[in-house]
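One-letter residues, chain by chain:
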Amino acid sequence: MTTYLVRRLLGLAPVLLAAATIVWIFVFLVPGDPARLIAGGQGLDPAVLESVRAEWGLDDPAPVQYLRYLGKLLRGDLGVSYIQRRPVVAIIREHFPPTFILAVSAVLLASAGGILLGSLAASRTGGLTDRLVLLLAVVGASMPVFWLGLMLMLLFAARLAWLPVLGYGMEGAVLPLIGVRLPELDHLVLPAVTLSLVLMGSIARLTRTGLIAVGASEYLLTASAKGASSARVFALHALKNALIPVVTIIGLDFASLLGGAVATEYVFAWPGLGKTIVRAIALKDLPVVEGCVLFLTAVCVLVNLAVDLLYVWLDPRVHYGGAAAA
Amino acid sequence: MDRERSSTPHARVRRIAVAILATLGTVAAVLQVLACGRPRQPAAAEQVLRFRLREDPPTLDPALANDQISEAVVLNVFRGLVEMDPGTLEVRPAVAAFWTIAEDRRTYTFRLRDDALFHNGRRVTARDVEYSFRRTLSKETNSPRRFILEPIEGAREFAEGKSAAIAGLTIPDEQTIVLRLSRPFAPFLSQLTMVNAALVPREIYDDPARAYLRAPVGCGPFRFSRWEQSNFIELLAFDGYYGGRPALDRIQVRIIENRESALQEYLAGGLDSLDEVPNHDDALMARLGSEVHEYPFIGTQYIGFNHMLPPFKGNTALRKAFNYAVDKEYIWKALGGYPPANGIIPPGIPGHDPDLPGYPYDPAKARRLLAEAGYPDGKGLPPIAFWFNTSEGIRRLAQKIQADLKAIGADVTLREVDWAAYLAAVEGTPEQPGQAQMFRFGWYLDYPDADAILRPLLHSSNWGPAGNYFRYRNPRLDALLDEALSLPDPGARAARYREAERIAVMEDAAWLFLSYYQSQTLFKPYVKGIVHSPLGEFRIPLERLRVEKGAA
């Protein structure tokens, strides 16, 4: 297992190099003069523009700029934002926690709700509950998150006034040591529920399919015959085995959400990383785009690794780093 | 046996499912209690104004601020020697208690107030003025608006690194500063009202770590408190403000990009002011009633023609035909646009000419002019690329212009691109014109003087990327603008600007003249002391506002 872990972590380096190169080439080719965006506005003095280009190294040939960029990366320096004029690392540190909190909340809600609905549907295969759950799953997966967010906002915030319309809140607690401010809980509800409703459908459908497939297995009867309680049989034998494909999809969803739930962040004015990247792309704030994409690439690889490791716990037949178990 | 085996796990599933459902229900109930228990409004005793910005300010450094979003915050934290009265548009004292102008109209002597304090408690002195001006001018700062100080003798040499001092800046004593200009320059005081001439304390702004970018310190009516990117900026009343402590205790600037979400937040009471109105929803507009504030804004929207590229190059008749072909009234009333423009200088600015005929909608005349231009019914006129930056509102405008031009026989293809690509296509290089043949643009005046729009956009000295993207050149217009700069009499200056405008509009049809901007803002009825400023919705002096919820 240790060898496997080390191998996977070492595999991160070429992935990051490839991502860095591809992103750099793409943003370099995007039309527009970054110097003008750094200086801001129209009708600028050409001398100011020249000075900006020199200050930021934008007048160097492309290979020089690329090598300088790679050199900084090796030192852990993701550069400085053209627009905000502060380190990209600081920008990620500020915007990733809200995205992480939203993604975790949405995935937890979606997992709980999806597994529950999938279990209910599996328990009444072909019945009304099953059909309703399947219908809800399709509707949930088909709804544009932007529209769903606005509808939930109109109902629960504008009409019923149960929840705040938007925002992260201004007075949430600050976590000691890391200095991350948590959202106010009521501000988290609507964006998290919006995202979770979209994810819940696929989780419910996969849980249902998995449980139906596992329900016919002999080992459930064996476990019951050995005296295991019904709850234990369901949780440790039926559900646990049915969850392997569900965990895969949850892992993928989670990794995708960490990249930023842009539409949700946009609707609910959530100060997350997705919105930050989209804005940086629009403004051609290249260091921010490059830094964030690299960071998210690393996060995706790590989340996938975590999901792979979870398989070992869920299914003892899965084994990494040596001969396969029987 | 089979039946028993399959039904037993299902029963278990149901029990577990019910347990999960109960747990989720409990969590939801707890969330609901938490939500209802949290106060949504500021404490009643505190006067708090909450308004929205659609994005984070690109900067809070006054030397670098070059956009309305940055100015919305910076203007409340900083002050300069003089300031523009947001209502009357007159220059009035700020940190300078008074000033005198010598007979040669080149020497300005400012006497500073004794009671002006920075937010760190230190008194503002003439040394701070010198430091701030040097900072804005210096190469290291790269201020996009260093030009506002360049009329000072020696300022350009200092900015270019050719001189260690600004020759025209002297400090006779700690509370007096003398500025000597290279030549008489009538708009100098107006330029000094711009935020880039604001005063900053050296002990804060000499910081190599640039902490001031996230924690600005000025001497304005509000001091900076907090900034959480993409979330909010908070300002607090400055007790030591020389103009008296503002009535508002706190300003919360909420960063909300989505227009619809911001509107819902305003309607739900989470905002006291909103910089966009729902003019697409007549019923809601009627319900909002007096909460809708509409007032002129000193800016002009236009379609630029590239005078270096065919078919507009040297073809005045074609440019006039396009002007007559577009229904500006329809754009204003049906598309939620702005009032039609008859020229360049917007109302409220000395030199604006209400009697300028302009180009009212006249398709028949447009067709005649198109034929005169060499393209009867559009025959022989190749498709023209019309560039604009991505925006739903601008797209609607562009589609209407495309349809109007099609009606007279001119084919226009729309090129919608992001801002960076748009600027590249429009500006070109000093040597080469951009590839855009026609393009939509708008210009907000930095200060209320006709020179602030005519010179940057139409004077040949700003040819190319410096502002005159159209590559328009008319020596008579240049001469009139140059002459106006040195005239002491405001009436004589205004006459020169009217004449210059008449040349660009009626003789040369330099652009397609579309509209004069308007500000549209929502304010809750309990917000009092609102001054409608032609300088823009974010130039309403917040130190004069009061939040009187009991009076609403």
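About the cut-offs
Residues numbered from 1 in each chain as written. Chains lettered and ligands numbered in written order. Predicted model: local features only at pLDDT ≥ 70, side-chain atom pairs only at ≥ 80, totals over all residues. Helix = DSSP H or I, 4+ residues; strand = E, 2+ residues; numbered from the N terminus. Buried ≥ 20, exposed ≤ 12 C-beta atoms within 10 Å, placed from the backbone. Contact = placed C-beta atoms within 7 Å. Pairing = 2+ DSSP bridges. Axes fitted to C-alpha atoms, helices over the stretch in contact; angles between N-to-C directions. Domains from an automatic or database assignment. Parallel < 35°, antiparallel > 145°, perpendicular 65-115°, else oblique. Left-handed = near helix turned anticlockwise from the far one by under 90°. Nonpolar A, V, L, I, M, F, W, Y, C, P; charged D, E, K, R; others polar. Core = buried A, V, L, I, M, F, W, Y, C linked by C-beta atoms within 7 Å. pLDDT = per-residue confidence, 0-100.

## Examining the overall build of chain B
Thought 1: For chain B, the helix and strand inventory stands at 16 helices and 18 strands.
Thought 2: Overall size of chain B, expressed as C-alpha extent along the three principal axes, is 100 × 70 × 45 Å.
Thought 3: Taken across its 552 residues, chain B has 48% of its residues classed as buried.
Thought 4: Put simply, 68% of the contacts in chain B that link residues at least 6 apart link residues at least 24 apart.

## Looking at the overall build of chain A
Thought 1: Assigned secondary structure in chain A consists of 14 helices and zero strands.
Thought 2: Ordering the α and β elements of chain A from the N terminus gives α-α-α-α-α-α-α-α-α-α-α-α-α-α.
Thought 3: Counting only C-alpha atoms, chain A reaches 85 × 60 × 40 Å along its principal axes.

## A closer look at unusual backbone geometry
Thought 1: Cis peptide bonds are those with omega within 30 degrees of zero, and the linkage from P310(B) to P311(B) qualifies with 5°.
Thought 2: With respect to the helices and strands, P311(B) occurs in the loop between β12 (292–305) and α9 (316–325).
Thought 3: The phi dihedral of A161(A) falls on the positive side, at around 55°, and the residue is not glycine.
Thought 4: By C-beta crowding, A161(A) is classed as partly exposed, having 14 other C-beta atoms within 10 Å.
Thought 5: In the Ramachandran plot, A509(B) falls in the positive-phi region, its phi being about 45° despite a non-glycine side chain.
Thought 6: Position of A509(B) relative to the elements: it lies in the loop between α16 (490–507) and β16 (511–523).
Thought 7: Given 23 C-beta atoms within a 10 Å radius, A509(B) is considered buried.

## A word on the sheet that holds strand β5 (residues 107–112) of chain B
One key point about sheets: their strands pair by backbone hydrogen bonds, in either a parallel or an antiparallel sense.
Residues and elements named next belong to chain B.
Thought 1: Overall, antiparallel pairing links the four strands, which are arranged β4-β5-β7-β6 in an open sheet. Only two strands of the sheet have a single partner each, and these edge strands are β4 (96–101) and β6 (169–173). Neighbour-to-neighbour, the strand axes of the sheet open up by a mean angle of 20°, direction not taken into account.
Thought 2: Sheet strands in contact with helix α3 (residues 126–137) are β5, β6 and β7 (176–180), and its direction is about 170° off that of β6.

## As for the domain arrangement of chain A
All names here are of chain A.
Thought 1: Here chain A is described as being made up of domain 1 (2–74) and domain 2 (95–314).
Thought 2: Computed from C-alpha coordinates alone, the two centres of domain 1 and domain 2 are separated by 33 Å.
Thought 3: Facing 13 residues of domain 1, the contacting portion of domain 2 comprises eleven residues.
Thought 4: Elements that contribute at least two residues to the side of domain 1 that touches domain 2 include exactly α2 (12–29) and α3 (34–39).
Thought 5: Here the side of domain 1 that touches domain 2 takes eight residues from α2, the largest share from any one element.

## A short note on the environment of Q518(B)
Residues and elements named next belong to chain B.
Thought 1: When you line up the elements, Q518 lands in strand β16.
Thought 2: Sequence-wise, Q518 and G536 are 18 residues apart; in three dimensions their C-alpha atoms are separated by 8.3 Å.
Thought 3: Excluding residues that lie within four positions of it along the chain, Q518 makes contacts with E294, Y295, P296, F297, Y338 and P339.

## Notes on the pairing of β7(B)
Residues and elements named next belong to chain B.
Thought 1: Burial along β7 is one-sided: the residues I177 and L179 are buried and none of T176, V178 and R180 is.
Thought 2: Across five bridges, β5 lies against β7 in antiparallel orientation. From the neighbouring strand, Y108 faces β7, where its bridge partner is L179.
Thought 3: Sheet topology note: the β6/β7 ladder contains three bridges and is antiparallel. Within β7, the position partnered with T170 by the bridge is V178.
Thought 4: In this structure, the hairpin formed by β6 and β7 is closed by a connection of two residues.

## Digging into helix α14 (residues 451–458) of chain B
Residue and element names in this part refer to chain B.
Thought 1: Along α14, seven of the eight residues are buried, which leaves the element largely enclosed by surrounding structure.
Thought 2: Taken together, the buried positions of α14 are occupied by D451, A452, I453, L454, R455, L457 and L458.
Thought 3: Looking at the buried side of α14, the elements it contacts are β12, β15 (438–444), α15 (475–485) and α16.

## Things to note about the environment of I204(B)
Residues and elements named next belong to chain B.
Thought 1: Take I204: it is sitting in helix α6 (residues 202–205).
Thought 2: Residue classification places I204 among the partly exposed residues on the basis of 17 C-beta atoms within 10 Å.
Thought 3: Counting along the chain gives 13 residues from I204 to V217, while the straight-line C-alpha distance between them is 7.3 Å.
Thought 4: Once residues lying within four places of it in the same chain are set aside, the contact partners of I204 are N120, Y212 and V217.

## So, the packing of α2(A) against helix α5 (residues 62–74) of chain A
Residues and elements named next belong to chain A.
Thought 1: At a minimum axis distance of 11 Å, the contact between α2 and α5 shows a crossing angle of 140°. If you check the angle between α2 and α5, you find them oblique. Crossing of α2 against α5: the hand is right-handed. From α2, A20, W24 and F28 reach across to α5, where they touch A62, Y66, Y69, L70 and L73.
Thought 2: Here the residues of the contact of α2 with α5 sort into eight nonpolar, no polar and no charged.

## A look at the packing of helix α8 (residues 145–159) of chain A against helix α7 (residues 259–267) of chain B
Thought 1: Contact geometry for α8(A) and α7(B): axes closest at 11 Å, N-to-C directions at 5°. Viewed along their axes, α8(A) and α7(B) adopt a mutual orientation that is roughly parallel. For the pair α8(A) and α7(B), contact is made by L150(A), M153(A), L154(A), A157(A) and A158(A) and by E260(B), S261(B), Q264(B) and L267(B), respectively.
Thought 2: Partitioned by chemical class, the residues of the contact of α8(A) with α7(B) number six nonpolar, two polar and one charged.

## A closer look at the nonpolar core
Thought 1: With 236 residues, the main nonpolar core has A106(A), C292(A) and A321(B) as its most contacted residues.
Thought 2: With 17 residues, the single largest contributor to this core is helix α6 (residues 88–123) of chain A.
Thought 3: Ignoring anything within four residues of it in the chain, the contact list for A321(B) reads A366(B), L369(B), L370(B), A373(B) and I408(B).

## A few points about α7(B)
Thought 1: All buried positions along α7(B) are accounted for by S261(B), A262(B), L263(B), Q264(B), E265(B) and Y266(B).
Thought 2: Residues of α7(B) that are buried sit in contact with α8 and α12 (262–267) of chain A together with β1 (48–53), β11 (273–274) and β16 of chain B.
Thought 3: Phi for G269(B), located one or two positions after α7(B), is positive at around 95°.

## Some remarks on the confidence of the model for chain B
Residue and element names in this part refer to chain B.
Thought 1: Mean pLDDT over chain B: 89, with 92% of residues reaching 70 or higher.
Thought 2: Every residue in residues 1–7 scores below 50 in pLDDT, and together they form two contacts with partners more than four places removed in sequence or on other chains.
Thought 3: Low pLDDT, under 50, characterises residues 34–40; the predicted model gives this stretch nine contacts beyond four residues in sequence or across chains.
Thought 4: Across the interface, the model reports ipTM at 0.82; the global pTM reads 0.82.

## Side note on the pairing of strand β9 (residues 232–237) of chain B
Residue and element names in this part refer to chain B.
Thought 1: Note that strand β8 (residues 222–228) and β9 share six bridges and pair antiparallel. The residue bridging F222 from the neighbouring strand is A237, located in β9.
Thought 2: Between β8 and β9, which pair antiparallel in sequence order, lie three residues; one of them, S230, sits at a positive phi of approximately 65°.
Thought 3: Bridge count between β9 and strand β10 (residues 250–255): five bridges; the pairing is antiparallel. Across the sheet, residue F232 finds its bridge partner in β10, namely R254.

## Quick notes on the environment of I540(B)
Residues and elements named next belong to chain B.
Thought 1: Following the sequence through the fold, I540 ends up in the loop between β17 (527–528) and β18 (546–547).
Thought 2: Spatially, the C-alpha atom of I540 lies 32 Å from that of E427, the residues being 113 residues apart in sequence.
Thought 3: Contacts of I540, omitting those with residues within four sequence positions, involve P86, I530, V531 and S533.

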